[in-house]
There are 2 protein chains.
Amino acid sequence: MRRAKVIFNDVTLRDGMHAIRHQYSTDQIAELTKLIDDSGVDIIEATHGDGLGGSSIQYGFSRETEKDIIKTTVAHAKNAKVGVLLLPGIGTIEHLQRAHDWGAQVVRVATHCTEADVSEQHIKKAVDLGMDTVGFLMMSSRTTPENLLEEAKKMESYGAGTIYVVDSAGALTMDDTRNRIALFKEHLNTAVGFHGHNNLSLGVANSIVALEEGADRVDTSLAGMGAGAGNTATEQLVAVMNRMGIPHGVDLYKAMDAAENVMKPMMERPVQIDRLSLTLGYTGVYSSFLLFAERAGKEYGVDPRDILTKVAEMGAVGGQEDWIIGVAQDLAKQKLSV
Amino acid sequence: MRRAKVIFNDVTLRDGMHAIRHQYSTDQIAELTKLIDDSGVDIIEATHGDGLGGSSIQYGFSRETEKDIIKTTVAHAKNAKVGVLLLPGIGTIEHLQRAHDWGAQVVRVATHCTEADVSEQHIKKAVDLGMDTVGFLMMSSRTTPENLLEEAKKMESYGAGTIYVVDSAGALTMDDTRNRIALFKEHLNTAVGFHGHNNLSLGVANSIVALEEGADRVDTSLAGMGAGAGNTATEQLVAVMNRMGIPHGVDLYKAMDAAENVMKPMMERPVQIDRLSLTLGYTGVYSSFLLFAERAGKEYGVDPRDILTKVAEMGAVGGQEDWIIGVAQDLAKQKLSV
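Residues numbered from 1 in each chain as written. Chains lettered and ligands numbered in written order. Predicted model: local features only at pLDDT ≥ 70, side-chain atom pairs only at ≥ 80, totals over all residues. Heavy atoms only, no water.

On to the overall build of chain A, then. From N to C terminus, chain A includes 14 helices and eight strands. Taking 338 residues into account, the globule formula puts the C-alpha radius of gyration at 20 Å, and chain A, at 19 Å, falls close to it. Dimensions of chain A along its principal axes, counting C-alpha atoms only, are 65 × 45 × 40 Å. Counting every position in chain A, which comprises 338 residues, the buried fraction comes to 60%. (Helix = DSSP H or I, 4+ residues; strand = E, 2+ residues; numbered from the N terminus. Rg over C-alpha atoms; globule rule 2.2 N^0.38 Å. Buried < 20%, exposed > 50% of the residue type's maximum accessible area, 1.4 Å probe, protein only.)

The following block contains the structure:
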């Protein structure tokens, strides 16, 4: 099958912010932007890990101001467009207007996978501003492909030009990814994107599956720099795409060298799959549940992974940390009665 | 599709030997064996990284004797069978007889993917000894699926009960894996196995694809402990198999805990994908070519990755290090004439 060139959206300077506690300096942002831009990536996203307005007590303060992060990236991106992330509720229309004024040309309006409704005004504003406007359905593993499509259709109706399946927890299997992307390609008139995490070691594989199903855009970062087990690593995905003959505009060697010589030495800790991130991918719950599950596990003498698995089965999507004590108590009782 | 329980062949104590320069102590071997055995793995392979007889100036001396490695593993494996690796040319019939006498019940007779002929006497001897006898076709990416099948048929004719597609360089894409395993399942009467490496970040994905195509056995190691970018990590593959409902006998939490609490702290360096291992996966050549390519690259001012890519295109399988200078010279000339 012949297909159009895949659009690479780099998230080293946005999802990667999580892995460095939002502490990139403008010098680092400038250096990384130059390298990513020179490698041929199409879009460079640069924002606090939790998007516009994310720098706060709740989400962690970034080292540099939003303005400096965006303007520095814009100043050093010669060919790539610069993008920002916006989570309605954290970021506002005003944040978006300012980011646009500082030179951002792409915005990804991100909601939980079952709450696309909250993106309406932000998507419409972005379209009004003439931005490349993307709907970004986070935690896409937490609902069915059919429900996810319904939410995507809402974003399409608001005017988004691209809709993403976002595997925030790295919890999608290859079949899960295939089903979601295929449904989007069949029923949406927008472009379709995929954002993967590596918790189950499927970041590259899921991205390939998404591209096989016709995805138009894909998210990657140098050396996988990103939250948890990290994102799909640019250089790894490009290597596989080259081997398969899938067209794109990224220079493999430049991406490899930037990842190895510049990105990895900047990391505070190696971005890799560990027990914690694997547990999140396996259970598919929000990372905010982890600490609670560990505490409850200790208190009631049950494995926190069993608590998370049960909470996930119950359909938790975020904000149901109060379920955890009840689940821990139930599991402890079951243990006694065995 | 309902399928039989997948047989896990652990290689932590064999392929993992490479990652620790063959320096596991008997205490470490005992500790790891207990944990791997207790996790429910079916076969535990324990040998020098290059198989029986591998401890030498050429391949590196192991810390413990072959006898102590095998007998320690046998002593602590309560449920799992103990296996050994044998590369004809390095190991001999006599090595095999001794390993069997020390309690090894499984042997994998390994040859380059186009040289199955050299395995005849070793496979026949293993069958005579009543061992679970496996043919192990290394560097399976370096020939076509059809040629690989012809080599597998030779091993089948010698008496092997299982034949493996071995992705030594971590160079197979998912389609490459699918094609090879599917052909084996269609045309062989033996069981079929898959041994993956993670150079292209596809260790878990390729193993899943192999299982989807009906593979009966799969190789893994704790935390991916193995040569280069490492093997398929047991705990990661088990997590995905659980999510997909593929039957096996491994306890996920025990594998996760053994990987995190015991295996990772034993590692001399993190087993991960770096520029070097990614280059090997991308070009698919033997690691022995790397040093030569780097030297020639420096001397002639060309990128060693271009040299390796070209050498791979020329069909190198190992032992053609002398091609490298010629390729480097040609690339340097092309560079001048551009």
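Back to the text.
Within a beta sheet, neighbouring strands are joined by backbone hydrogen bonds and run either parallel or antiparallel to one another. Residue and element names in this part refer to chain B. Taken together, eight strands build a closed barrel; the order of strands is β1-β2-β3-β4-β5-β6-β7-β8 and the barrel is parallel. When the angles between neighbouring strand axes are averaged without regard to direction, this sheet yields 25 degrees. Against the sheet, helix α3 (residues 66-76) contacts β1 (7-13), β2 (43-46) and β3 (81-86), and its axis sits at roughly 160 degrees relative to β2. (Pairing = 2+ DSSP bridges. Axes fitted to C-alpha atoms, helices over the stretch in contact; angles between N-to-C directions. Contact = heavy atoms within 4.5 Å.)

Each side of the interface is counted separately: chain A has 39 residues, and chain B has 39 residues. Summing both sides of the interface, chain A and chain B together bury roughly 3,500 Å²; the carbon and sulfur share of this comes to 57%. A per-residue breakdown of the area chain A buries against chain B is headed by R243(A), Y253(A) and Y282(A), which together make up 21% of the total. If you look at where chain A meets chain B, you find six salt bridges. The closest approach of N and O atoms between R305(B) and D257(A), which form a salt bridge, is 3.0 Å. Counting the contacts that link chain A with chain B gives 24 residue pairs in polar contact (both at pLDDT 80 or more). Elements represented by at least two residues in the side of chain A that touches chain B include exactly α7 (174-187), α8 (203-212), α9 (234-244), α10 (252-266), α11 (275-283) and α13 (304-313) of chain A. Its residues placed into classes, the side of chain A that touches chain B shows 17 nonpolar, nine polar and 13 charged. (Buried area = accessible area lost by both parts, 1.4 Å probe. Salt bridge = Lys/Arg side-chain N within 4 Å of Asp/Glu carboxyl O. Polar contact = N/O pair within 3.5 Å; in protein donor to acceptor, adjacent residues only side chain to side chain. Nonpolar A, V, L, I, M, F, W, Y, C, P; charged D, E, K, R; others polar.)

Another point: the sheet that holds strand β2 (residues 43-46) of chain A. Residue and element names in this part refer to chain A. On the basis of which strands lie adjacent, the closed barrel formed by eight strands has the order β1-β2-β3-β4-β5-β6-β7-β8 and parallel pairing. Neighbouring strand axes in the sheet, compared pairwise and without regard to direction, differ in orientation by 25 degrees on average. As judged from the four bridges shared by strand β1 (residues 7-13) and strand β8 (residues 217-220), these two strands associate in the parallel manner. Directly across from I7, in β8, lies its bridge partner R217.

Turning to the UniProt feature "active site" (unreviewed entry) in chain A, a few remarks are in order. Residue and element names in this part refer to chain A. Per the UniProt record, the feature "active site" (unreviewed entry) sits at H18. Relative to the elements of secondary structure, H18 occurs in helix α1 (residues 15-19). The residues touching H18, leaving out its near neighbours within four places in the chain, are G49, D50 and A227. (UniProt positions renumbered as here; feature names shortened; annotations may be inferred.)

It takes a turn of 180 degrees to lay chain A on chain B, together with a shift of 0.0 Å along the axis; the resulting RMSD is 0.0 Å. Each copy turns onto its partner about a two-fold axis. For chain A, the smallest separation between a C-alpha atom and the rotation axis is recorded for A205(A), amounting to 3.0 Å. Same-surface contact between copies: 100% of interface residues of chain A are shared with the interface of chain B. (Least-squares fit on C-alpha atoms with pLDDT ≥ 70 in both.)

In this numbering, the UniProt entry assigns the feature "domain: Pyruvate carboxyltransferase" (unreviewed entry) to residues 6-256 of chain A. Helix makes up 41% of residues 6-256 of chain A and strand 18%. Its end C-alpha atoms lie 19 Å apart.

Moving on to the domain arrangement of chain A. Residues and elements named next belong to chain A. Domains assigned within chain A are domain 1 (7-266) and domain 2 (285-337). Here domain 1 and domain 2 have C-alpha centroids that lie 31 Å from each other. Taken together, the contacts link four residues of domain 1 with six residues of domain 2. Taking both sides of the interface into account, the surface hidden between domain 1 and domain 2 amounts to around 460 Å²; carbon and sulfur atoms contribute 51%. Its largest share of buried area at the contact with domain 2, domain 1 owes to H112, M139 and R142, together 86% of the area lost on that side. If you look at where domain 1 meets domain 2, you find zero salt bridges. The interface formed by domain 1 and domain 2 includes one residue pair in polar contact (both at pLDDT 80 or more). When its residues are assigned to classes, the side of domain 1 that touches domain 2 shows two nonpolar, one polar and one charged. (Domains from an automatic or database assignment.)

As a further point, take the pattern of salt bridges. Proximity of charged atoms lets side chains of opposite charge pair with each other. One pass over the full model with this rule turns up 46 salt bridges over all chains. A salt bridge links K185(A) to D216(A); the nearest nitrogen and oxygen atoms lie 3.1 Å apart. Pair noted here: K185(A) is in helix α7 and D216(A) is in the loop between α8 and β8, with a separation of 31 residues, a long-range link. Look at K185(A) and you get partly exposed, because its relative accessible area is 31%. Note that D38(B) and K254(B) form a salt bridge whose closest N and O atoms lie 3.3 Å from each other. Remark: K254(B) occurs in helix α10 (residues 252-266) and D38(B) occurs in helix α2 (residues 26-39); sequence separation between them is 216 residues. The exposure class assigned to D38(B) is partly exposed, which follows from its relative accessible area of 43%.

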